[in-house]
Amino acid sequence: MYDYLIVGAGFAGSVMAERLARGSNCKVLLVDRRPHVGGNAYDHYDDAGILVHRYGPHIFHTNSDEVFAYLSRFTTWRPYEHRVLASVDRQLLPIPINLDTVNRLYGLELTSDGLEAYFRQVAEPRPQVRNSEDVVVGKVGRDLYEKFVRNYTRKQWGLDPSQLDPSVLGRIPTRTNRDDRYFTDKHQAMPRHGFTRMFERMLDHPSIHVLLQTDYRDVQRQVRWRQMVYTGPVDEFFEFRFGKLPYRSLEFRHETVAKEWHQTVAVVNHPNEHDYTRVTEFKHLTGQRHHHTSVVYEYPRAEGDPYYPIPRPENALLYQRYQALAEATPRVHFVGRLATYRYYNMDQVVGQALTLYTRLAGLDRRAREGAARRGTLPLLLPAATADASPLTT
Ligand code: FAD
Ligand code: UDP
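A brief look at the structure comes next. (Residues numbered from 1 in each chain as written. Chains lettered and ligands numbered in written order. Predicted model: local features only at pLDDT ≥ 70, side-chain atom pairs only at ≥ 80, totals over all residues. Heavy atoms only, no water.)

The environment of ligand 1 is made up of 34 residues, and the closest members are Asp32, His58, Ile59, Tyr344 and Met346. One of the backbone N or O atoms of Asn40 is found 2.9 Å from an oxygen atom in ligand 1. Those elements giving two or more residues to the shell around ligand 1 turn out to be helix H1 (11-24), helix H9 (216-219) and helix H13 (346-374). Its residues assigned to classes, the shell around ligand 1 comprises 16 nonpolar, 10 polar and eight charged. (Near = heavy atom within 4 Å. Polar contact = N/O pair within 3.5 Å; in protein donor to acceptor, adjacent residues only side chain to side chain. Helix = DSSP H or I, 4+ residues; strand = E, 2+ residues; numbered from the N terminus. Nonpolar A, V, L, I, M, F, W, Y, C, P; charged D, E, K, R; others polar.)

All right, on to the packing of H1 against helix H8 (residues 195-203) then. It is the contact of H1 with H8, at a shortest axis distance of 9 Å, that shows an interaxial angle of 30°. As far as their axial angle goes, H8 and H1 are roughly parallel. Taken as a pair, H1 and H8 cross one another with a handedness that is left-handed. Contact with H1, carried on its side by Phe11, Ser14, Val15, Ala17, Glu18 and Arg22, involves Phe195, Met198, Phe199, Arg201, Met202 and Leu203 of H8 and no other residues of that element. Of the residues assigned to the contact of H1 with H8, the class counts are eight nonpolar, one polar and three charged. (Axes fitted to C-alpha atoms, helices over the stretch in contact; angles between N-to-C directions. Parallel < 35°, antiparallel > 145°, perpendicular 65-115°, else oblique. Left-handed = near helix turned anticlockwise from the far one by under 90°. Contact = heavy atoms within 4.5 Å.)

So, on to the side chain of Asp215. Relative to the elements of secondary structure, Asp215 occurs in the loop between strand S10 (208-211) and H9. Asp215 gets classed as buried once you look at its relative accessible area, which sits at 17%. A polar contact is formed between the side chain of Asp215 and the side chain of Arg217, at a distance of 3.0 Å. (Buried < 20%, exposed > 50% of the residue type's maximum accessible area, 1.4 Å probe, protein only.)

With that settled, the discussion passes to H1. Taking 1.5 Å of rise per residue, 14 residues should cover 20 Å, and H1 covers 18 Å from first to last C-alpha, within 8% of that figure. Phi turns positive one or two residues past the end of H1, at Asn25, with a value near 60°. (Expected span 1.5 Å × (residues − 1).)

Between H1 and H13, the least distance of the axes is 9 Å, while the angle of their chain directions is 35°. Here H1 runs over H13; the crossing is right-handed. Across the interface between the two elements, Phe11, Ala12, Val15, Met16, Arg19, Leu20, Gly23 and Ser24 from H1 touch Met346, Val349, Val350, Ala353, Leu354, Leu356, Tyr357, Leu360 and Ala361 from H13. Split by residue class, the contact of H1 with H13 holds 14 nonpolar, two polar and one charged.

Around ligand 2 sit 16 residues, and of these Thr153, Arg171, Tyr182, Tyr308 and Tyr343 come closest. Take Thr153: an N or O atom from its side chain is 2.8 Å from an oxygen atom of ligand 2. Interatomic distance of 2.9 Å between a side-chain N/O atom of Trp157 and an oxygen atom of ligand 2. Looking at the shell around ligand 2, the elements with two or more residues in it are helix H6 (142-157) and helix H7 (166-169). Of the residues that constitute the shell around ligand 2, the class distribution is 11 nonpolar, three polar and two charged.

Quick look at the environment of Asn272 now. Among the structural elements, Asn272 can be located in the loop between strand S13 (267-269) and strand S14 (278-281). Residue Asn272 is classed as partly exposed on the basis of its relative accessible area, which comes to 30%. Separated by 122 residues in the primary sequence, Asn272 and Arg150 place their C-alpha atoms 8.8 Å from one another. Apart from residues lying up to four places away in sequence, Asn272 is in contact with Val88, Glu146, Lys147 and Asn151. Within the structure, the side chain of Asn272 is placed 3.0 Å from the backbone oxygen of Lys147, a separation counted as a polar contact.

A few words on the pairing of strand S15 (residues 293-301). Of all nine residues making up S15, eight are buried, and the element is well covered by its neighbours. Direction of pairing for strand S12 (residues 247-257) relative to S15: antiparallel, over a ladder of nine bridges. Bridge pairing links Leu250 to Pro300 in S15. In this sheet, S15 lies alongside S14 in antiparallel orientation, the contact comprising three bridges. The residue of S15 that forms the bridge with Thr280 is Val296. (Pairing = 2+ DSSP bridges.)

Turning to the sheet that holds strand S9 (residues 187-191), a few remarks are in order. Overall, antiparallel pairing links the three strands, which are arranged S5-S9-S6 in an open sheet. Edge positions in the sheet fall to strand S5 (61-62) and strand S6 (77-79), since each of these pairs with one other strand and no more. Here S6 runs beside S9; their pairing, made up of three bridges, is antiparallel. For Trp77, the partnering residue across the bridge sits in S9 and is Pro191.

Core analysis: the biggest nonpolar cluster contains 110 residues, and Phe11, Met16, Leu71 and Phe148 have the highest contact counts within it. If you tally residues by element for this core, the top one is H13, at nine residues. When sequence neighbours within four positions are dropped, the list of residues in contact with Phe148 reads Ala86, Val88, Leu93, Ile95, Ile97, Thr101, Leu105 and Pro271. In this structure, Val257, Tyr276, Tyr297 and Tyr299 belong to the second largest nonpolar core, which totals six residues. (Core = buried A, V, L, I, M, F, W, Y, C linked by side-chain atoms within 4.5 Å.)

Across all of its chains, the model carries 28 aromatic pairs by this definition. On the basis of an interplanar angle of 25° and a centroid distance of 6.3 Å, the ring pair of Phe238 and Tyr322 is categorised as stacked. Of this pair, Phe238 sits in the loop between helix H10 (234-237) and S12 while Tyr322 is found in helix H12 (residues 313-327), placing the two residues 84 residues apart along the sequence. A relative accessible area of 7% means that Phe238 is categorised as buried. The class of Tyr322 is buried, set by a relative accessible area of 0%. Relative to Tyr297, the ring of Tyr276 lies with its centre 4.8 Å away and its plane at 75°, an arrangement referred to as edge-to-face. With Tyr276 in the loop between S13 and S14 and Tyr297 in strand S15, this pair connects stretches of sequence that are 21 residues apart. Across this residue pair, the class does not change: Tyr276 and Tyr297 are buried. Chaining the aromatic ring pairs together yields one cluster made of Tyr216, Tyr230, Phe237, Phe238, Phe242, Tyr322 and Phe334. (Phe/Tyr/Trp six-rings, centres within 6.5 Å; stacked < 30°, edge-to-face > 60°.)

Pasting the structure below:
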């Protein structure tokens, strides 16, 4: 008998498994249909012995001290600040757009004040920011939008920026200084020995049983469990009752090149040429030294594994219908990027899972207290152990 059947061994499922086992003394069965843990953050050594991310580049960054402290229990870190160049007009220019981007693109020598004045001049007023085109054109004008954003976005999403929520391009800031970091979060670092090693340490507990290459539907009736945590696609859970929720997919072309370095930064974006959107060279992320180097090209696809929920109003409406079903489904808890249809980064998924755990542990505590008062047996879970962590309730 398991207290929890957890579907999916990515961040959402693994954090839940770890917390429930270590924090609440639960017995957990964690299943994933892939042959490995880690979900999309899985990394491994390729044939050349280079650490690569199978499902595209994963760079950890967060402003949350709580999330960072939590993950730091399972890994040490390699400080890493991400920098990206975009190939535009035969130059490699910093993205997010900053002072150097504009000066080098147009052959100018603007100061920060000059760039602010320039943006005021070229920006098209958008009193209401309704979509991702408005976000960018309203800040930096049409030319920069067309050179850096429109085509990349059309390739990545199969949609024009005007068809996507403001939140998509809201991810990328615009700067008038020379800061060329992709992220400005308080914590920016990579797990020193990789994501997979971190997951293995999270899940190394006698009460966590991991079953790989297994669809939960093949075991859910064969094992006994009290509650389920589901982290797969929410529409699939309900057998697409209201139709398919749109997800964007990617095809990854991994390559090892017989030279030490391929490009000067970890990621080069290609908004306007090629079928791929970006090229990532992993050694920049991991700090590994090797006489060869491994890279991955990302080709956006309409079909394939669901990687990106697509943020636009009609999809949000469809998701709301599934969300209502999810909330009305007893004993099943939905968490993670696919199960809650949110374009979340890793740290947001960890935060979401920690919040769910806190809620479940609180419910359990109240159930046990009620049971003790009534003199009956606990309803849901065995007693929580004294885990000294501030994250447990
Ligand atoms: P997932 O990692 O998708 O895990 C869900 C798991 O559930 C999967 O392993 C799947 O196999 C399993 N599953 C589904 N259905 C079933 C079933 N029926 N039975 C059994 N198992 C099932 N975030 C960042 O913070 N920084 C980045 O740089 C970054 N880069 C990204 C790049 C790409 C190309 C992509 C696609 C995402 C990126 N992300 C990044 C986001 C990050 O991958 C997610 O936030 C995070 O991995 C989500 O974790 P999750 O557990 O919700 O989902
Ligand atoms: N984007 C763009 N040009 C770029 C980089 C990003 O137009 O050079 C847009 C694109 O729509 C992309 C979104 O901004 O999907 C978010 O970019 P991010 O790098 O956060 O994407 P992710 O790493 O999640 O794929």
